[in-house]
Amino acid sequence: MDFLQLAEKRFSVRSFADKEIEQEKIDAILRAGQVAPTACNFQPQKILVIKSKEALEKYRKCTVCHFNAPLAILTCYDKSLCWTREYDGKTSGDIDAAIITTHMMLEAANLGIGSTWVMHFIPEAIREEFQLPDNYEPVSILAMGYPAEDAKPSPSHSNIKPLSDTVFYDEY
C-alpha cells in the first residue's frame, strides 16, 4: 500500500478488540516517532507508553475519550529543549509533538493497529497521575489497539473539503 492509500484508509478507531499489542509493534511505532523531524533536530519529545492495568486506570481518570483502549501513548515535549523563533518567541514544541504523534499514528495504521488522536484530556490530571515534571507539556494521546470487528469510521470521516477551499497559490 502506498502512503496516500494508507492515509485515506486510516480512521479514528473508537472500538478495540481485547488483544494486546505485541512489543515489536510497539517498538516499531515508537521508532516512527523517533525518526520524525523536529525543529533543528532538538528532539524535545518525551513519550510515555501507557500499557499496564494500573497505568491505564490512571489514564482513564484523565479523559472520557479513552475508548477502553488496551494501550495509550502520551506525547509531551520538554519546554527547555524546544527551538524558539527569534522574531516572536514562538516555540516548536506543539508542532514537534504533532509531527511525532502523526508518524506514530500512521505507522500504527501500517501495522494494522487502530488509534484515535486524543487531545480532549485534563492536563492537570495527566500531570498529577503520571507525575510529569514541570517542564513537560502534554500535547496528545494516541488511544491504540487492534480494531474491534465492528469498528468503523465516524459518519463525518469522509467529509473532506475540496482543495479549492483550503489551498491557495501565491496569495489568499
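Each remark here, short or long, concerns the structure printed above.
Procedures and definitions
- Residues numbered from 1 in each chain as written.
- Predicted model: local features only at pLDDT ≥ 70, side-chain atom pairs only at ≥ 80, totals over all residues.
- Heavy atoms only, no water.
- Phe/Tyr/Trp six-rings, centres within 6.5 Å; stacked < 30°, edge-to-face > 60°.
- Lys NZ or Arg CZ within 6 Å of the ring centre and 35° of its normal.
- Pairing = 2+ DSSP bridges.
- Helix = DSSP H or I, 4+ residues; strand = E, 2+ residues; numbered from the N terminus.
- Axes fitted to C-alpha atoms, helices over the stretch in contact; angles between N-to-C directions.
- Contact = heavy atoms within 4.5 Å.
- Expected span 1.5 Å × (residues − 1).
- Buried < 20%, exposed > 50% of the residue type's maximum accessible area, 1.4 Å probe, protein only.

According to the stated counting rule, one finds one aromatic pair in the structure shown. Over the ring of Tyr146 we find Lys19; its NZ or CZ atom is 4.2 Å from the centre of that ring.

A few words on the sheet that holds strand β3 (residues 114-118). Sheet architecture is open: four strands sit in the order β1-β2-β4-β3, paired in antiparallel fashion. Two strands close off the open sheet at either side, each with one partner strand: β1 (45-50) and β3. With direction set aside, neighbouring strand axes in the sheet form an average angle of 20 degrees.

Right, let's get into the side chain of Ser115. Looking at the secondary structure, you find Ser115 in strand β3. Beyond its immediate chain neighbours, meaning those up to four positions away, Ser115 contacts Arg10, Phe11, Ser12, Val13, Phe16, Met105, Leu142, Ala143 and Met144.

The end-to-end C-alpha separation of helix α4 (residues 93-110) is 26 Å, in line with the 26 Å expected for 18 residues at 1.5 Å each. Those residues of α4 that sit buried are Gly93, Asp96, Ala97, Ile100, Thr101, Met104, Met105, Leu106, Glu107 and Ala108. The inward-facing, buried residues of α4 contact α1 (3-9), α2 (23-34), β1, β2 (71-78), β3 and β4 (136-145). Where α4 terminates, the next one or two residues include Gly112, which has phi positive at roughly 85 degrees.

What follows covers unusual backbone geometry. For Gln131, which is not a glycine, the phi torsion comes out positive at approximately 50 degrees. In this structure, Gln131 sits in the loop between α5 (123-129) and β4. Phi at Asp170 takes a positive value of approximately 70 degrees, unusual for a residue other than glycine. Mapped onto the elements of the fold, Asp170 is located in the segment after α6 (163-166). The class of Asp170 is exposed, set by a relative accessible area of 85%.

Fair warning: the whole summary comes from geometry, so function is off the table for now.
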